[in-house]
Structure formats: C-alpha cells, structure tokens
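Observations on the three-dimensional arrangement
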Amino acid sequence: MTQCASVLVHTITNIVNLSLTSGQFHHILKESVISPLLKKSTLDKNQLSNYRPISNLSLISKIIERVVKSRLTDHLTYNKLLNPQQSAYCKHHSTETALLYIHDHLINTIGSQKLSCLCLLDLSAAFDTIDHSILLTRLSSWFGIHGSVFNWFKSYLSSRSFHVRCNKTFLSLCTSSCGVPQGSVLGPLLFIMYTTPLSTLISSLSLNHHLYADDTQLFFSFYPPNFDSCIIHLQNALQQISSWMTANLLTLNVSLQD
C-alpha cells in the first residue's frame, strides 16, 4: 500500500472530497461482510448465541469516515457539545476516568457519614437498535448539523447492506434498517451522540451518573433516616429512564448472567 501511495493518494483524496461536497456516501461503500466468530473456544459451536458477528468494511469507507470523524469531533469540542458525563470514545477519557469519577464521589460521601446507592444499567445490543430517524433528528436539533453535512449523514446511514460469510460461502445480501455500522469509525461517536439526552434526563431526576458507551452508572447519597424515601425516588427514576430507553428503541438488559 505504501509503495503505491504516490498513485493512490490523489485518487483517494478526490473520492473523499467528492463524497463530502456532494453530501453522498456511495452505496458500494455501505456494503459489509459479516463473519461469525466463536466468543470462546470452549463454547458449543452449535449454539448461535455463542458467536459474535464481526463486520468488515471497505478501506475507502473507513478513510472517508475518519475524515468526517475528525471534523465532527472538532465541531463538538469547539462548541462544547460533547457529553461531560460520557467517558467512552472521548479524548483523554477512559474506563479509568469513569471509575475514578464514581470512586471519588463514594469516598467523599463516606466521609460525610452518608449512605450511597449505586445502580448499574446495561443495554442489550445497543449499537444495533439505534433508530436512524431519531439519530438524524438529534444530529440536527442537538448538535447543529445541517445542510450538505446533514445530507451526508443521512446518505451514510440509509440503505446499508451486508453479506454473511460462513466457511468461505457468502449468503444472500441483506439490508440493515437500524443501528450504527459495526466496525465503523463513526459508529461509536454517533452512539454517544444518540444517548446524550439521557444525561439531561438523569440530571433532571436529581441523580448523579456517569456513562461509558452503553453502560450507565447511577449513584446518589443520602443520610440513613432518608433511606426509604430515597429508594422510592430511585425506583421512580428507573421507571422514567426505562421509558426513555423504550421510546428511543433501546432495551435494558435485565439478565443477571454475564
């Protein structure tokens, strides 16, 4: 690839620029190949739930996405639109950031002789259930994305398709009407933009929280005499959060298994 750079760079640059100026993402670049991968070698190979779908996208697709992600991140950072309560897929943030944020809160409340309640929420197949119409509305209303840029995202999300490859055999082409593209450069960033309003809701319910991708940590502290009323408040808050999830086609994982 590097040996051909002098020939390819000009052509690839033209493809990227054409996509951005036209506000279109070519349909060929929206095709992916899905390969099932066994999660652990010790699992039953005949059980479909033991497989993880691995998506492969074209190189050109990822190059265009990387350019868009860079510009989108600059826009979000400059206008302070990134969710400060989200540690995933953000520069200078990590699982360590999320852990320290919650740990610091809990240690401080112990010093104040308060009880603390920590509630961990997890979503099922969250990246795969995102509604494109809701996402596009959010990009426009929450993040100020309009015009040809908005048209590009609309084209990027629509009419995506995939082949499933099993034992070197390709199954028939299928279409995908929801979710962010697995294995894509933009997918994770679009997901945390999609769930940004959740932070606004949780804050309005007088709960502390922190997000890491599709994991949500709710926590709040109170004095022992207020235990019963605070637990009732948490239960009511969870009902409202669950309703928001349902309205946004996200599903809370209620399974106790890993």
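Conventions adopted
- Residues numbered from 1 in each chain as written.
- Predicted model: local features only at pLDDT ≥ 70, side-chain atom pairs only at ≥ 80, totals over all residues.
- Heavy atoms only, no water.
- Helix = DSSP H or I, 4+ residues; strand = E, 2+ residues; numbered from the N terminus.
- Contact = heavy atoms within 4.5 Å.
- Areas by Shrake-Rupley, 256 points an atom, 1.4 Å probe, with all protein chains shown as cover.
- Lys, Arg positive; Asp, Glu negative; His and termini not counted.
- Charge placed at Lys NZ, Arg CZ, Asp CG, Glu CD.
- Core = buried A, V, L, I, M, F, W, Y, C linked by side-chain atoms within 4.5 Å.
- Buried < 20%, exposed > 50% of the residue type's maximum accessible area, 1.4 Å probe, protein only.
- Axes fitted to C-alpha atoms, helices over the stretch in contact; angles between N-to-C directions.
- Parallel < 35°, antiparallel > 145°, perpendicular 65-115°, else oblique.
- Left-handed = near helix turned anticlockwise from the far one by under 90°.
- Nonpolar A, V, L, I, M, F, W, Y, C, P; charged D, E, K, R; others polar.
- Pairing = 2+ DSSP bridges.
- Phe/Tyr/Trp six-rings, centres within 6.5 Å; stacked < 30°, edge-to-face > 60°.
- Lys NZ or Arg CZ within 6 Å of the ring centre and 35° of its normal.

1. Brief notes about the overall build of the protein chain
Each helix and strand counted, the protein chain has 8 helices and 8 strands in total. Seen through its C-alpha atoms, the protein chain measures out along the principal axes to roughly 70 × 50 × 35 Å. For the protein chain, restricting intrachain contacts to residue pairs at least 6 apart in sequence, the fraction spanning at least 24 positions comes to 70%. Looking at the protein chain as shown, the accessible area adds up to about 15400 Å², and 58% of this sits on carbon and sulfur atoms. Side-chain charges in the protein chain split into 17 positive and 13 negative, and the spacing between the mean points of these groups amounts to 10 Å.

2. Observations concerning the nonpolar core
Counting residues in hydrophobic clusters, the biggest one holds 49 residues, and the most contacted among them are Trp152, Phe153, Leu190, Met193 and Ile241. With sequence-adjacent residues up to four places away left out, Phe153 is seen in contact with Val68, Leu72, Leu136, Leu139, Ile145, Leu186 and Leu190.

3. Points about the packing of helix 1 (residues 5-22) against helix 2 (residues 59-78)
Their axes nearest at 10 Å, the elements helix 1 and helix 2 cross at an angle of 60°. Here helix 1 is positioned oblique relative to helix 2, judged by the angle of their axes. The two elements helix 1 and helix 2 cross, and the hand of that crossing is right-handed. Every residue of helix 2 that contacts helix 1 at Ile12, Ile15, Val16, Ser19 and Leu20 is listed here: Ile60, Ile63, Ile64, Val67, Val68 and Arg71. Residue classes in the contact of helix 1 with helix 2 are distributed as 9 nonpolar, 1 polar and 1 charged.

4. Side note on the sheet that holds strand 3 (residues 115-122)
Reading across the sheet, the 3 strands line up as 3-8-7 and stay open at both edges, with antiparallel pairing between neighbours. Strands with a single pairing partner mark the edges of an open sheet, and in this sheet they are strand 3 and strand 7 (208-212). Within this sheet the neighbouring strands show an average axis-to-axis angle of 15°, counted without direction. As defined by bridge partners, strand 3 adjoins strand 8 (residues 215-222) across 8 bridges and the pair is classed as antiparallel. Among the inter-strand pairings, Cys119 is bridged to a residue of strand 8, identified as Leu218. Along the sheet, helix 3 (residues 95-111) makes contact with strand 3, strand 7 and strand 8, crossing strand 8 at roughly 10°. Docked against the sheet, helix 8 (residues 227-247) engages strand 3 and strand 8, running at close to 155° with respect to strand 8.

5. Notes on the side chain of His210
Position of His210 relative to the elements: it lies in strand 7. His210 gets classed as buried once you look at its relative accessible area, which sits at 2%. When neighbours within four sequence positions are excluded, His210 is seen to be in contact with Pro84, Gln85, Gln86, Ser87, Ala98, Tyr101, Ile102, Asp215, Thr216, Gln217 and Phe219.

6. Some details on unusual backbone geometry
Comment: phi is negative for the bulk of residues other than glycine, and the bulk of peptide bonds are trans. If you check the backbone angles, Lys80 has positive phi at about 55° while not being a glycine. With respect to the helices, strands and loops of the structure, Lys80 is situated in the loop between helix 2 and helix 3. Look at Lys80 and you get exposed, because its relative accessible area is 76%.

7. Examining the packing of aromatic side chains
Per the stated rule, a full pass over the model turns up 9 aromatic pairs. Judged by centre distance (6.2 Å) and plane angle (70°), the rings of Tyr101 and Phe219 are edge-to-face. With Tyr101 in helix 3 and Phe219 in strand 8, this residue pair connects regions lying 118 residues apart in the sequence. Considering the side-chain rings of Phe127 and Phe191, the 4.2 Å spacing of their centres and the 15° angle between planes classify their relative orientation as stacked. Placement of Phe127 in the loop between strand 3 and helix 4 (132-141) and of Phe191 in helix 6 (residues 187-194) is noted, with a sequence separation of 64 residues between them. Under the relative-accessibility criterion, Phe191 is labelled buried at 0%. The lysine or arginine in question, Arg138, covers the ring of Tyr194, its NZ or CZ lying 5.2 Å from the ring centre.

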